[in-house]
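# Coordinates in review
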Amino acid sequence: MSADVVSVTRGSSPLVLSMPHPGTGLPAEVAAQLNTRGAQVEDTDWHMRQLYSFAERFQPTIVEASLSRFVIDLNRDPAGVSLYPGQATTELVPTTTFSGEAIWTMPPGEAEIERRRKAYFQPYHDALAAEIAHAKAQHGFCLLWDCHSIKSVIPRLFPGTLPTLNLGTNSGRSAAPAVEAAAVKAMAGSAFTQVVNGRFKGGWITRHYGHPSDHVHALQMEIALSAYLAEEAPPWTFDAARAASLQSALSAMIEAALAAASHIERTKS
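Residues numbered from 1 in each chain as written. Predicted model: local features only at pLDDT ≥ 70, side-chain atom pairs only at ≥ 80, totals over all residues. Heavy atoms only, no water.

### Regarding the pairing of strand 2 (residues 15-19)
Inclusion rule: Here the term buried applies to any residue with accessible area under 20% of the maximum for its type, exposed to any over 50%, and partly exposed to those in between, with areas from a 1.4 Å probe on protein chains only. Note on conventions: DSSP H or I runs of at least 4 residues are helices, E runs of at least 2 residues are strands, and numbering of each starts at the N terminus. In this analysis, strands are considered paired if DSSP registers two or more bridges between them.
Counting buried positions along strand 2 yields 5 of 5 residues, so the element is predominantly enclosed. Burial along strand 2 is two-sided: the residues Leu-15, Leu-17 and Met-19 and Val-16 and Ser-18 are all buried. Bridge count between strand 2 and strand 4 (residues 142-150): 4 bridges; the pairing is parallel. Considered in strand 4, the bridge of Ser-18 is made with Asp-146. Two strands pair when backbone bridges link them, and strand 2 and strand 3 (residues 61-65) are joined in this way by 4 bridges, in the parallel orientation. Residue Leu-17 lies in a different strand from strand 3, and its bridge partner there is Ile-62.

Following this line, the structure appears as structure tokens:
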């Protein structure tokens, strides 16, 4: 595992937090090909570790990427297949920002994309798969919580203003119904706007790893940046006061999902 690609903080619980998009790192050969817009790495999931600092009480394992999603998107199908056919999205190696602005002086070709798959995509997923397997070996199951955030207004991707909390379970396939229901019930107790399996149903991580029959329950949480940043613009400043109620809501959701998953596994055994 390359530390400049992914870092792992191993915990002692069945909870694994996946953070594929908080990184801003740019290998020199990649940075040289980005245009001025691309170099701003604006589509980052800002401050994920700080936002999820509350989760220390669950003793989670955290798998965190250090490179920008503009290098390669760790939450896209490595075969290049669209997760949302017929809808606007960004590719395995994005050619534009979410808003549609070009980010490269010259977009990378297939040979370069394949190089990035091996050098940057695979190490993250090797690490994530290993930690999921470790959680299962220790506890009999894994609750995989995939951590994301995004601007609340992006007309190219969705109409109007995005709900603050966007829970995705691949339309109910990546987590047991009771696990999804527990998270949804806890989410409903918050004051935030919310949706389940709406515009963001879960990316490749949720879909690839989430298999309840194999004791892995995966949920993606996409959060509107407006809920925890001072402003959805540079310098992307974390607002602790604004984030506090969001952190309470997320904590309640994770606690409920963990309890439901644990109950399912105890019942099976």
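### What about the pairing of strand 3?
Both faces of the sheet carry side chains from a regular strand, because those side chains alternate between them. Strand 3 sits mainly inside the fold: 5 of its 5 residues count as buried. Bridge analysis of strand 1 (residues 6-9) against strand 3 gives 4 bridges, and the strand direction is antiparallel. If you follow Thr-9 over to strand 3, its bridge partner there is Ile-62.

### Quick word on empty space enclosed by the protein
The line we're drawing: Cavities and pockets were defined on a 1 Å grid built from protein atoms only: a cavity is a group of points that admits a 1.4 Å probe but offers it no way out, a pocket is an open group of points flanked by protein on both sides within 12 Å along at least five of seven lines, and a lining residue is one with an atom within 4 Å of any such point. Grid points are joined across faces, edges and corners, and a volume is the space filled by probe spheres set on the points. Under the scheme applied, nonpolar residues are Ala, Val, Leu, Ile, Met, Phe, Trp, Tyr, Cys and Pro; charged residues are Asp, Glu, Lys and Arg; polar residues are all the others, including Gly.
In the structure shown here, the tally under the stated rule is 3 cavities of 30 Å³ or more. Considering only enclosed or pocket space, the largest cavity measures out at about 200 Å³ in volume. Arg-69, Arg-76, Tyr-84, Phe-200 and Glu-222 are the residues nearest the centre of the largest cavity, which is lined by 21 residues in total. In terms of residue count, the dominant contributor to the lining of the largest cavity is strand 4 (3 residues). Classifying every residue of the lining of the largest cavity by side-chain character gives 7 nonpolar, 9 polar and 5 charged. Quantified by volume, the second largest cavity comes out at close to 50 Å³. Lining the second largest cavity are Val-5, Ala-65, Leu-67, Ser-68, Val-71, Ile-72, Leu-74 and Tyr-120. The class makeup of the residues in the lining of the second largest cavity is 7 nonpolar, 1 polar and no charged.

### A short note on the side chain of Thr-169
Checked against the element boundaries, Thr-169 lands in the loop between strand 5 (165-168) and helix 4 (177-188). Judged by relative accessible area, Thr-169 falls into the buried class, the value being 0%.

### Re the packing of aromatic side chains
Two aromatic rings are characterised by how far apart their centres lie and by the angle between their planes. Inclusion rule: Any two of the Phe, Tyr and Trp rings considered here, Trp counted by its six-membered ring, make a pair once their centres fall within 6.5 Å; the pair's planes then place it as stacked at under 30 degrees, edge-to-face at over 60, or tilted in between.
Across all of its chains, the model carries 6 aromatic pairs by this definition. On the basis of an interplanar angle of 55° and a centroid distance of 5.7 Å, the ring pair of Phe-121 and Trp-204 is categorised as tilted. You can see Phe-121 sitting in helix 3 (residues 110-139) and its partner Trp-204 sitting in helix 5 (residues 204-209), a full 83 residues away along the chain. Neither residue differs from the other here; Phe-121 and Trp-204 are each classed as buried. Look at Tyr-228 and Phe-238: their rings are 5.9 Å apart centre to centre, the planes differ by 55°, and that puts the pair in the tilted class. With Tyr-228 in the loop between strand 7 (216-224) and helix 6 (240-268) and Phe-238 in the loop between strand 7 and helix 6, this pair connects stretches of sequence that are 10 residues apart. Of the two residues examined, Tyr-228 and Phe-238, each falls in the buried class. By way of ring pairs, the aromatic residues Phe-121, Trp-204 and Tyr-209 are connected into one cluster.

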